[in-house]
Amino acid sequence: MLKPLVPENSDFIEKEVNGAKTLEVSKKALQSLISGSGKIQNLLSRTPIEDRLRTISELGKIWLEKLEQGSLKPLISRTSALTGYSEKMVEFEFSLIPSVFDYKALKKNIEASFGTELKALESFFQIEDGEYIRYLPKGPVFIIGSGNSSIPALIPTVISLLTGNFTILKPSVVNYEVIFSVFSYLKELETEFASKMLQAFVLSYFTHNSESLNYLLTEAKLGVVNFWGAGEARDQICQLVAKNPNRPEILINGPLTGVAVIDEDNFNEKTAEALAKNVVLYDQQLCSSPTVAFLVGKYENAKDFLRLLAKNLDRIGMELPMKASDSYIYLLQKVKRALIFKGAFLESSKTPENPWTVVLSKKTSLFEDHFDLYPEFSIFVRRRFIEMVLLDDYFEIVEWVRKIPKLRSYSGVDGVQTVGIAVKPEVKNSLLEELASSVHRIVPIEDMFMRSPLEPYDGILFPRAFTKPVYYREKTMV
C-alpha cells in the first residue's frame, strides 16, 4: 500500500493504482494544511540555516547506515521489480541518495545561489549601509516527480524544505516507497527542526483523476508547481495550473538528453570505458545519458574506437544487466536489420540481459535518415543503443546538437542537457563557447551522470526559484 506521509490528523481516501492500494490525502485535508502553511513557513524560515542543514544531513546518514547494514535489501528487490532496473543498478542509485542530503553539498548549493547573503534566509541581511535583503519561502511548493529514478524527485524536495517551504511531493508509483522510506526517518530525529519539517511536508500519491490533484493545480494557494516529465502530462499540468487564480509559478524540468563529443586524440580505452559506463547506467533514462556520440577523426580509427566501446559495453553491461522484454528484443532486431541493410557499420550484443548496440555513421545519421522504418523505436524506448556520427569538423557538431530536438528520432525531447566532452585542449575552449548556447551543462565524459552541488538544474537555481527576495531600506534617499 502507498501510504502518505503527512502531519497528524489528516484524512485520506483509499484508491487503487495498478492493482496496489493507495491512501491519498483528501482535498479537505489539503485545504486545511495549506491554510495553515504560512505559520509553519514562518517557523521554518526563522530557523538558523545551520540547524536546517544539520537536520537534513542526518537523513542521509541514517539511509547510508541502513544501506551498509543490509537492511535496505528487501527495498532494493522491490524497487528493481517495479523499475525494471537490475538490483545492482538500484543498489548503485541507493548509494548516491546520501549525497542529496550531504551537509557540505547542500551548503555549497545554497551558497551558489545566495553567496554572502546566506543569512538572509533566516533574517534581514544588510547588503549596503541601511539597506537589507531577506529571502522568504515562495511556497507552498508542489513537486510532481516522474520516472524510475528517485533522485530527481528528492533534489527539489530537499531544497524546498531547506529554504523553508511547506512542500507537497507526488512521486511516481515506482519510486514512491524509496522516497517514503527516506523521509520517514525524520520521525527518528529529535531535533526541533525535524519536528517542524514533519509539519511542513506532505508525501502522497494522487491518481490522475484525483479531486485532490485537481484542487492543488487549479485552486490551491500555491507559490510554485515544479513538474518533472514530458508529453501530454506536461501539457495538461500547464493547462490546469493556468486556471489557478493564485497564479503559482510553474517550473518545468522537461525531457532532455545527453550527447558525447569525442575527437581522434581520445579514441582510446579510457574514453570508450567512460562512454560505455554512461550508456549502461540507468539504461540511458537520465537526461544526462549519452544517446548519440559525435566524433571527429578518420573513419578507420572510428571503427577501432567502436570496437573498444563494444568491448566495454559487453563488460560493464553484464555487471549491470537489464530486463529487456521479448517485444523490445524483437523491435531491436528489426532496427538492426534495417540499419545493416542501409549500409551502417554496426556491432551489437548477443546477450538478452545486456542488449547493447553501437552504430557508426559517416557525415550523416543513418539512424535518423531511416527512422520512418522503425518509428516506434523512440528516444523513450531505446536502451543501451547509441549511434556514433563521424563528422569532418568540430563545428558541425554544434549544428547537430542544436537540431537534436527537431530530429524525428528525438521527438518529444526539448533539447540537450549534458555534453560529455573528450577533445584535444586546443579546440576545447572555442567549442565550449559554441555549445554553451544550446545545452545546460558540459562535463568530462567520465562522469556525465554526476552533479556538482554548484550546478543549476536544467537552468534552474532551485534555492532562488523557491524563495522571494524582500528588500528593506531604513533611511530615506532624498
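Note: the structure precedes this text.
Residues numbered from 1 in each chain as written. Predicted model: local features only at pLDDT ≥ 70, side-chain atom pairs only at ≥ 80, totals over all residues. Heavy atoms only, no water.

Trainee: Please explain the sheet that holds strand β6 (residues 167-170) as it appears in this structure.
Mentor: Strand pairs in the sheet, formed through backbone hydrogen bonds, run parallel or antiparallel to each other. Read from one edge of the open sheet, 5 strands run β7-β6-β5-β8-β9, paired in parallel fashion. The strands lining the two open edges of the sheet, one partner per strand, are β7 (201-203) and β9 (249-253). Sheet twist, expressed as the average angle between the axes of neighbouring strands with direction ignored, equals 15°. The strands touched by helix α10 (residues 211-218) within the sheet are β5 (141-144), β6 and β8 (224-228), with β5 carrying the most contacts at an inclination of about 125°. (Pairing = 2+ DSSP bridges. Helix = DSSP H or I, 4+ residues; strand = E, 2+ residues; numbered from the N terminus. Axes fitted to C-alpha atoms, helices over the stretch in contact; angles between N-to-C directions. Contact = heavy atoms within 4.5 Å.)

Trainee: Just checking my understanding: could you explain the pattern of salt bridges for this structure?
Mentor: Close approach of charged atoms allows side chains of opposite charge to pair. Evaluation of the coordinates by the stated rule reveals 28 salt bridges. In this structure, D129 and K475 form a salt bridge, with 3.3 Å as the shortest nitrogen-oxygen distance. Here the residue D129 occupies a position in the loop between β3 (125-128) and β4 (131-137), and K475 occupies one in the segment after β17 (467-473), the gap between them amounting to 346 residues. When its relative accessible area of 42% is taken as the criterion, K475 is described as partly exposed. Here the salt bridges do not stand alone but share partners, grouping R441, R451, E455 and D458 into one network. (Salt bridge = Lys/Arg side-chain N within 4 Å of Asp/Glu carboxyl O. Buried < 20%, exposed > 50% of the residue type's maximum accessible area, 1.4 Å probe, protein only.)

Trainee: Teacher, can you tell me more about the packing of aromatic side chains here?
Mentor: The way to describe two aromatic rings as a pair is by their centre distance and the angle between their planes. Tallied over the entire structure, the rule returns 22 aromatic pairs. With a centroid separation of 5.3 Å and 25° between ring planes, the pair formed by Y132 and Y472 is classed as stacked. Remark: Y472 occurs in strand β17 and Y132 occurs in strand β4; sequence separation between them is 340 residues. Centroid distance F142 to F206: 6.3 Å. Interplanar angle 80°. Geometry classified as edge-to-face. You can see F142 sitting in strand β5 and its partner F206 sitting in the loop between β7 and α10, a full 64 residues away along the chain. The burial state of F142 is the same as that of F206; both residues are buried. Linked through ring pairs, Y328, F367, F371, Y374, F377 and F385 together constitute an aromatic cluster. One Lys or Arg, K303, reaches over the ring of F345 and ends 4.8 Å from the middle of that ring. Note that R382 overlies the ring of Y410, its terminal NZ or CZ placed 5.3 Å from the centroid. (Phe/Tyr/Trp six-rings, centres within 6.5 Å; stacked < 30°, edge-to-face > 60°. Lys NZ or Arg CZ within 6 Å of the ring centre and 35° of its normal.)

Trainee: Can you help me understand the packing of helix α3 (residues 49-69) against helix α5 (residues 87-101) in this one?
Mentor: Angle between the axes and distance between the axes are the two parameters that describe a pair of packed helices. At their nearest, the axes of α3 and α5 sit 7 Å apart, and the two run at 165° to each other. Classed by the angle they form, the pair α3 and α5 counts as roughly antiparallel. In this structure, the crossing between α3 and α5 has a hand that is left-handed. The segment α3 lies against α5, with I56, S57, L59, G60, W63, L64 and L67 engaging F94, S95, I97, P98 and F101. Tallied by class, the residues present in the contact of α3 with α5 amount to 9 nonpolar, 3 polar and no charged. (Parallel < 35°, antiparallel > 145°, perpendicular 65-115°, else oblique. Left-handed = near helix turned anticlockwise from the far one by under 90°. Nonpolar A, V, L, I, M, F, W, Y, C, P; charged D, E, K, R; others polar.)

Trainee: Hey, could you run me through the pairing of strand β16 (residues 439-444) in this one?
Mentor: A regular strand places its side chains on the two faces of the sheet in alternate fashion. Two elements, strand β15 (residues 415-422) and β16, share 5 bridges in a ladder whose sense is parallel. Across the sheet, the residue bridging to T418 is R441, located in β16. Running through helix α17 (residues 425-436), the crossover from β15 to the neighbouring parallel element β16 is right-handed. (Right-handed = clockwise from strand over helix to strand, strands pointing away.)

Trainee: What is the right way to read helix α16 (residues 394-403) from this model?
Mentor: Residue pairs three or four apart in sequence face the same way in an α-helix, which turns once every 3.6 residues. Buried within α16 we find Y394, I397, V398, W400 and V401. Projected down its long axis, α16 carries its buried residues within an arc of 165°, all on one side. Looking at the buried side of α16, the elements it contacts are β10 (256-263), β11 (290-296), β14 (385-391), β15, α17 and β16. Two or three places before F395, at the start of α16, stands the capping residue D393, its side-chain oxygen 2.6 Å from that residue's backbone nitrogen. (Arc of directions from axis to C-beta. Polar contact = N/O pair within 3.5 Å; in protein donor to acceptor, adjacent residues only side chain to side chain.)

Trainee: Would you take a moment to explain the side chain of N312 for this structure?
Mentor: Its place among the elements puts N312 in helix α13 (residues 299-319). There is a polar contact of 3.1 Å between the side chain of N312 and the side chain of E269. Once you skip the residues sitting within four places of it in the chain, N312 turns out to touch E269, A272, E273, A276 and G317.

Trainee: I keep staring at α17 and nothing clicks. Help me out?
Mentor: Between its first and last C-alpha, α17 extends 17 Å over 12 residues, near the 16 Å set by a 1.5 Å rise per residue. Among the residues of α17, V427, L431 and L435 are the ones counted as buried. Around the axis of α17, the buried residues are gathered within 65° of arc, so they sit on the same side. Exposed and facing more than 90 degrees away from the buried side of α17 are P425, N429 and E433. Of the surrounding secondary structure, the elements contacted by the buried residues of α17 are β10, α16, β15 and β16. (Expected span 1.5 Å × (residues − 1).)

Trainee: Just to check I follow, could you spell out unusual backbone geometry for this structure?
Mentor: In terms of backbone geometry, most residues other than glycine have negative phi values and most peptide bonds are trans. Between G139 and P140 the backbone carries a cis peptide bond, its omega angle lying at 10°. When you line up the elements, P140 lands in the loop between β4 and β5. For R247, which is not glycine, the phi torsion reads 50° and is therefore positive. Note on placement: R247 falls in the loop between α11 (231-242) and β9. Phi is positive for Q284, which is not a glycine, with a value near 65°. Its relative accessible area of 7% is what places Q284 among the buried residues.

Trainee: Can you walk me through the nonpolar core in this structure?
Mentor: Generally speaking, a soluble globular protein has its nonpolar side chains buried in company with each other. By size, the foremost hydrophobic cluster in this structure holds 122 residues, and its most contacted members are F94, F101, F183, L275 and L295. Among the elements that take part in this core, helix α7 (residues 151-162) stands out by supplying 8 residues, more than any other. Ignoring sequence-local partners within four residues, the contact set of F94 consists of W63, L67, L72, L75, I76, T79 and V178. (Core = buried A, V, L, I, M, F, W, Y, C linked by side-chain atoms within 4.5 Å.)

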